[in-house]
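One letter stands for each residue in the lines below.
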Amino acid sequence: MNPPIPAWADFVGAWDLFRDPVICGVAAGAVLGLLGVHVVLRRMVFVAATLSQVSGLGVALAFFAGIHLGTEVPPVLGALALSLLAAVLVSLDTRRLRVSRDSVLATLWLLAGGLAVMVGDRITQEAHDIAGILFGTAVLVRPEDLRAVLGVGALVATGATWAGRGLVFAGFDPDGARVQGLPVRALDVSLLVAVTVMVAVSTRALGALPVFAFSVLPALAALLAVRHLRWAFPLAALLGALAGGLGYLAAFFLSFPVGACQAVTAGLFVLLAVPVRLARGGE
Amino acid sequence: MSSTPLLRCERLVVGYGGRPVLPPVDLEIRPGEFWVVVGRNGSGKTTWFRTLLGLLSPVSGQVAWPQGRRPIAYVPQRSAFDELYPVPVREVVAMGAERGWSFLSPGGGRGDRVRQALTEVGAWELRDRNFRALSEGQKQRVLLARMLCSQAGIALLDEPTAAMDAVAEEEAMAMLDGLRRAHNLALVVVSHHLQVAFRHADRILFLDPEVGVEVGTVAEIQQSEAWRARYQDRHAGVLP
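Let me sum up the structure you'll find in this document. (Residues numbered from 1 in each chain as written. Chains lettered and ligands numbered in written order. Predicted model: local features only at pLDDT ≥ 70, side-chain atom pairs only at ≥ 80, totals over all residues. Heavy atoms only, no water.)

Topologically, Pro210 of chain A is positioned in helix α11 (residues 208-225). For the pair Pro210 of chain A and Thr265 of chain A, spaced 55 residues apart in sequence, the C-alpha separation works out to 9.9 Å. (Helix = DSSP H or I, 4+ residues; strand = E, 2+ residues; numbered from the N terminus.)

Shown next, in the form of structure tokens:
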């Protein structure tokens with residue numbers, strides 16, 4: 001027999017318990033949604049996937065170090081260190097090896113995913129955390145993780161908005177931007193670092209699956225729905241925030257894992273945006 | 001056209017990885033001049049062009065700016081733009097006004113430049129359309145507006161009439177010629193289309209790794225050894 005569906009009053013009554021994870025989901029969704037417009041337009045979707053997976057491995061290794069090596073490493077530091085290393089590897093010129101960037105990303109993604117499961121197998125008392133890290137099943141968010149998401153998110157969103165015109169020019173017409181003296185390389189690196197850091201802190205708090213979803217799906221929905229790029233940024237941020245909040249509510253009322261509900265909610269926005277684009281046609 | 005040069009190539013050798021692909025080039029580009037760069041596929045036009053733009057370092061020699069370093073307007077091939085971006089025409093034109101870190105400042109005040117540039121090329125009515133949705137001819141006009149919005153003294157255009165039919169090509173070149181005269185703008189155009197290019201050019205840079213490099217007026221080029229070796233002796237049928 002299925003458990004009874006909780007009432008709205010149950011949620012409101014336990015708001016003190018749910019407040020932090022809801023705020024965290026909304027904030028991470030909004031900031032990653034905003035960044036996601038650049039991620040999607042620059043064809044970096046699998047960079048975001050790989051970074052979130054590698055961040056998950058970083059958190060798992062931090063737990064492992066604490067339990068088996070007696071070395072306390074903050075999980076968010078593990079996520080940051082490994083994802084920054086992955087970002088460096090991703091940004092290397094792979095043409096000398098005659099392999100595509102897709103192949104490098106797939107290798108990192110598979111290695112990180114496999115290693116995270118293997119490490120998780122050796123830290124049984126933290127197995128639930130590992131599942132939460134990879135798939136976003138964590139219901140609660142620790143205050144320090146929320147602070148990290150809010151702090152980093154505020155910095156990243158401010159920077160991405162401030163440098164928005166330059167990021168768009170450098171992505172749309174990189175040679176033209178270089179000729180006019182724009183710091184194209186610095187902009188590319190800054191964007192990658194911003195995505196990496198935001199993904200790392202969000203993965204520690206929410207899990208890899210919803211973080212990947214927030215990095216891609218709200219932006220994709222927004223780009224399908226709007227006619228001009230300037231409206232895609234606020235709409236993607238709004239849809240990301242809604243996916244974070246509504247996904248949490250759906251998980252509460254339907255008794256599903258939080259991360260999965262947040263990812264599916266973001267995916268529904270894409271499905272809703274497709275007919276909008278088809279109806280509008282043309283541009 | 002005897003004014004001080006805007007740009008001077010001094011024994012400029014272009015290439016990749018320190019290996020030259022062409023002999024040294026000496027030339028001076030003055031305000032209002034119309035240069036056309038011609039040569040066969042693989043002749044080094046793109047390498048020379050990208051070196052002039054500062055996207056590649058010279059193997060040796062240098063690009064000097066006798067009047068001081070001036071902004072360059074660059075009109076790439078239309079295929080150079082990422083068409084995933086739904087950027088409206090007025091924003092594409094406004095990009096011409098960006099310099100260095102200017103994108104960190106508010107973009108206000110550029111509206112008049114954008115309107116003036118779009119009006120001058122007859123594309124004001126396209127201002128709210130997405131660039132990616134325009135026809136090839138419309139895109140070309142928008143890119144010329146971006147060139148004007150940059151307020152540069154010299155503009156480099158890479159195959160600006162590629163994928164155009166003969167009528168559209170002649171119209172585009174005539175418009176370029178008009179803008180050049182109106183703004184005393186030096187133009188450097190890479191083109192495969194010798195007939196049209198020769199009709200409008202003041203000066204030609206002919207590049208050919210096998211037979212050499214020639215610089216001169218249309219008449220001088222047609223009398224040059226390199227040109228004759230390449231076209232009159234081997235491919236006379238393609239001569240203008």
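After that view, the rundown keeps rolling.
The biggest cluster of nonpolar side chains holds 131 residues, and the ones touching the most others in it are Val37 and Leu229 of chain A together with Val93, Met147, Leu157, Leu187 and Ile204 of chain B. For this core, the element with the most residues is helix α10 (residues 184-206) of chain A, which contributes 13 residues. Formed by 28 residues, the second largest nonpolar core is a distinct cluster that contains Leu7, Leu12, Leu52 and Leu53 of chain B. (Core = buried A, V, L, I, M, F, W, Y, C linked by side-chain atoms within 4.5 Å. Buried < 20%, exposed > 50% of the residue type's maximum accessible area, 1.4 Å probe, protein only.)

Let us look at the pairing of strand β11 (residues 212-216) of chain B. Residue and element names in this part refer to chain B. Alignment of strand β10 (residues 203-208) against β11, held across five bridges, turns out to be antiparallel. Note on β11: the bridge partner recorded for Phe206 is Glu214. Hairpin connection from β10 to β11: three residues lie between these consecutive antiparallel strands. (Pairing = 2+ DSSP bridges.)

Glancing now at the sheet that holds β10 of chain B. Residue and element names in this part refer to chain B. With mixed pairing, the six strands of this open sheet are ordered in space as β7-β8-β9-β5-β10-β11. The open sheet is flanked by β7 (72-75) and β11, the only strands paired with a single partner. With strand direction ignored, the average angle separating the axes of adjacent strands in the sheet is 15 degrees. Strand direction decides the pairing type here: β7 and strand β8 (residues 154-158), joined by four bridges, are parallel. Directly across from Tyr74, in β8, lies its bridge partner Leu156. (Axes fitted to C-alpha atoms, helices over the stretch in contact; angles between N-to-C directions.)

What follows is about unusual backbone geometry. Residue and element names in this part refer to chain B. The backbone of Arg11 sits at a positive phi, close to 45 degrees, despite the residue not being glycine. Along the chain, Arg11 falls in strand β1 (residues 7-13). The exposed category is assigned to Arg11, whose relative accessible area is 52%. Here the phi dihedral of Glu159 falls at roughly 45 degrees; this positive angle occurs in a residue that is not glycine. Note that Glu159 resides in the loop between β8 and α5 (166-183). On the basis of relative accessible area, Glu159 is assigned to the buried category, the value being 9%.

The next point concerns the sheet that holds β1 of chain B. Residues and elements named next belong to chain B. Taken together, three strands build an open sheet; the order of strands is β4-β1-β6 and the sheet is antiparallel. Lying at the two open borders of the sheet, with one neighbouring strand each, are β4 (25-29) and β6 (60-64). In this sheet, neighbouring strand axes are inclined to one another by 10 degrees on average, regardless of whether the strands run parallel or antiparallel. Summarising the sheet, β1 and β4 pair through four bridges and their orientation is antiparallel. Among the inter-strand pairings, Arg8 is bridged to a residue of β4, identified as Glu28. Those strands touched by helix α1 (residues 45-52) are β1, β4 and β6, and its axis lies near 130 degrees from that of β1. (Contact = heavy atoms within 4.5 Å.)

Listed per partner, the contact involves 29 residues of chain A and 37 residues of chain B. Both faces combined, the contact of chain A with chain B buries some 3000 Å², and carbon together with sulfur accounts for 57% of it. Across the chain A-chain B interface, the total number found is five salt bridges. As a salt-bridge pair, Arg146 of chain B and Asp173 of chain A come within 2.7 Å of each other at their nearest N and O atoms. Breaking the side of chain A that touches chain B down by element, the ones donating at least two residues are α2 (15-41), α8 (164-172), α9 (174-179) and α12 (229-254) of chain A. Here the side of chain A that touches chain B takes six residues from α8 of chain A, the largest share from any one element. Residue composition of the side of chain A that touches chain B, grouped by class: 13 nonpolar, six polar and 10 charged. (Buried area = accessible area lost by both parts, 1.4 Å probe. Salt bridge = Lys/Arg side-chain N within 4 Å of Asp/Glu carboxyl O. Nonpolar A, V, L, I, M, F, W, Y, C, P; charged D, E, K, R; others polar.)

As a further point, take the packing of α11 of chain A against α12 of chain A. Residues and elements named next belong to chain A. Two elements in contact, α11 and α12, have axes separated by 8 Å at closest approach and are oriented at 135 degrees. As summarised for this structure, α11 and α12 are arranged oblique, according to the angle between their axes. Here α11 and α12 pass one another in a crossing that is right-handed. Each of Phe214, Pro218, Ala219, Ala221, Ala222, Leu223 and Ala225 in α11 lies in contact with α12, whose residues at this interface are Leu229, Ala232, Leu235, Ala236, Leu239, Gly240, Ala243 and Gly244. Each residue belonging to the contact of α11 with α12 can be placed in one class, and the counts come to 13 nonpolar, two polar and no charged. (Parallel < 35°, antiparallel > 145°, perpendicular 65-115°, else oblique. Left-handed = near helix turned anticlockwise from the far one by under 90°.)

Right, let's talk about the packing of aromatic side chains for a bit. Applying the stated criterion across every chain, the model contains 17 aromatic pairs over all chains. The rings of Trp8, Phe11, Trp15, Phe18, Tyr248, Phe252 and Phe253 of chain A are connected pair by pair, giving a single aromatic cluster. (Phe/Tyr/Trp six-rings, centres within 6.5 Å; stacked < 30°, edge-to-face > 60°.)

The subject of this paragraph is helix α13 (residues 258-280) of chain A. All names here are of chain A. When the terminal C-alpha atoms of α13 are compared, their 34 Å separation across 23 residues agrees well with the 33 Å that a helix rising 1.5 Å per residue should span. When we look at burial in α13, the residues that qualify are Val258, Gly259, Cys261, Gln262, Ala263, Thr265, Ala266, Gly267, Phe269, Val270 and Ala273. At the exit of α13 stands Gly281, carrying a positive phi of roughly 60 degrees. (Expected span 1.5 Å × (residues − 1).)

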